[in-house]
Amino acid sequence: MAELEVAKHTKKVWQAATSTKHGAWHKARELLLEMAVIVFAVSISIWFHSMGEHRHEQAQVKAFLLGLKEDLAGDVKQLSIAKHEYQGFDANFSVLAKLDPAAPPPADFDERYLLAGANMSFNPMLSRYQGFQSSGRLTNIENPELLNRIVNLYQFVLPTVRTSEGRWRTRHDKLRDYLELDYDLVTGADLRYQRITAPMGKRLLERSVAFPQLYQRFDTYASEAAAIVKAIDAEYPAR
């Protein structure tokens, strides 16, 4: 519609400029009027286009944030499970490290021995965030505090969690390698018991217990995720 108005008034500008019916002052006034109408029509067209584009961007932001809310809720649940698993590993490492090499293996030794080689890792749902970030649309989030929280969670808090898990995994891998050493030759609970209660076995078990920092970083991630979910709820309250 605006394009038609621009075309119509551009034609009038041409007609006024080439007309021989009126004097120079009249022509100038007509030209200025028509040009003002053209500028106004173009401005209105740009404004409507910008408004439409803004509405589209904010619809994308809303879809992203509501989806992110679900992702973070899932992350918090997974963190709770991961924390419980790590605590179970820690308790098992502590029990095995205190076993007396001169005593017979406890009734649940085989189960505990297998659990000593088990692994765990927190795997947050990242595809939605990474897709929105790589498309350059994160800055379309107009709430600066919410944007900062989201970026902080994924760019700073999550890497600290991965660092702590990586350190735990490095120590635990040494225990696993030790338990796997000559595994085919170490058959029967008695021989496995000798290996795990040996000084090296005890040392590796004690070092495999997670540092408190891992749990602190789990809690920080969960707390930040909950704060983001709360902020999203405030941004888009349920009706």
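What you are looking at is a predicted structure, and each value in this text was computed from that prediction instead of being measured.

Student: Any details on the nonpolar core? Residues and values, ideally.
Tutor: By size, the foremost hydrophobic cluster in this structure holds 48 residues, and its most contacted members are Leu-65, Leu-72, Ile-141, Ile-150, Tyr-154, Phe-218 and Tyr-221. Elements with a minimum of two residues in this core: helix H2 (24-97), helix H3 (109-115), helix H4 (127-134), helix H5 (144-180), helix H6 (189-197), helix H7 (199-208) and helix H8 (212-235). Excluding residues that lie within four positions of it along the chain, Tyr-154 makes contacts with Leu-68, Leu-72, Asp-75, Met-125, Leu-126, Tyr-129, Pro-159 and Tyr-221.

Student: I'd love a proper account of H7, names of residues and values included.
Tutor: Where H7 is concerned, the buried positions are Gly-201, Lys-202, Leu-204, Leu-205 and Ser-208. Around the axis of H7, the buried residues are gathered within 165° of arc, so they sit on the same side. Of the residues in H7, the exposed ones pointing more than 90 degrees away from the buried face are Pro-199 and Glu-206.

Student: Go over the packing of aromatic side chains with me, naming the residues and quoting the values.
Tutor: With the rule as written, the count across this model stands at 10 aromatic pairs. Residues Tyr-86 and Phe-89 carry aromatic rings whose centres are separated by 6.3 Å and whose planes lie at 85° to one another, so their mutual orientation is edge-to-face. Residue Tyr-86 and its partner Phe-89 are located together in helix H2, separated by 3 residues, close to a single helical turn. Judged by its relative accessible area of 0%, Tyr-86 is buried. Through a chain of ring-to-ring contacts, three or more aromatic side chains come together here, namely Tyr-86, Phe-89, Phe-122, Trp-168, Phe-218 and Tyr-221. Between Arg-171 and the ring centre of Phe-211, over which it is positioned, the NZ or CZ distance is 4.1 Å. Taking NZ or CZ as reference, Arg-195 lies 5.4 Å from the ring centre of Tyr-178, over its face.

Student: Describe the environment of Ala-73, naming the residues involved and giving the relevant values.
Tutor: On the secondary structure map, Ala-73 appears in helix H2. Residues Ala-73 and Ala-222, 149 residues apart in the sequence, show an inter-C-alpha distance of 9.1 Å.

About the criteria used
- Residues numbered from 1 in each chain as written.
- Predicted model: local features only at pLDDT ≥ 70, side-chain atom pairs only at ≥ 80, totals over all residues.
- Heavy atoms only, no water.
- Core = buried A, V, L, I, M, F, W, Y, C linked by side-chain atoms within 4.5 Å.
- Buried < 20%, exposed > 50% of the residue type's maximum accessible area, 1.4 Å probe, protein only.
- Helix = DSSP H or I, 4+ residues; strand = E, 2+ residues; numbered from the N terminus.
- Contact = heavy atoms within 4.5 Å.
- Arc of directions from axis to C-beta.
- Phe/Tyr/Trp six-rings, centres within 6.5 Å; stacked < 30°, edge-to-face > 60°.
- Lys NZ or Arg CZ within 6 Å of the ring centre and 35° of its normal.

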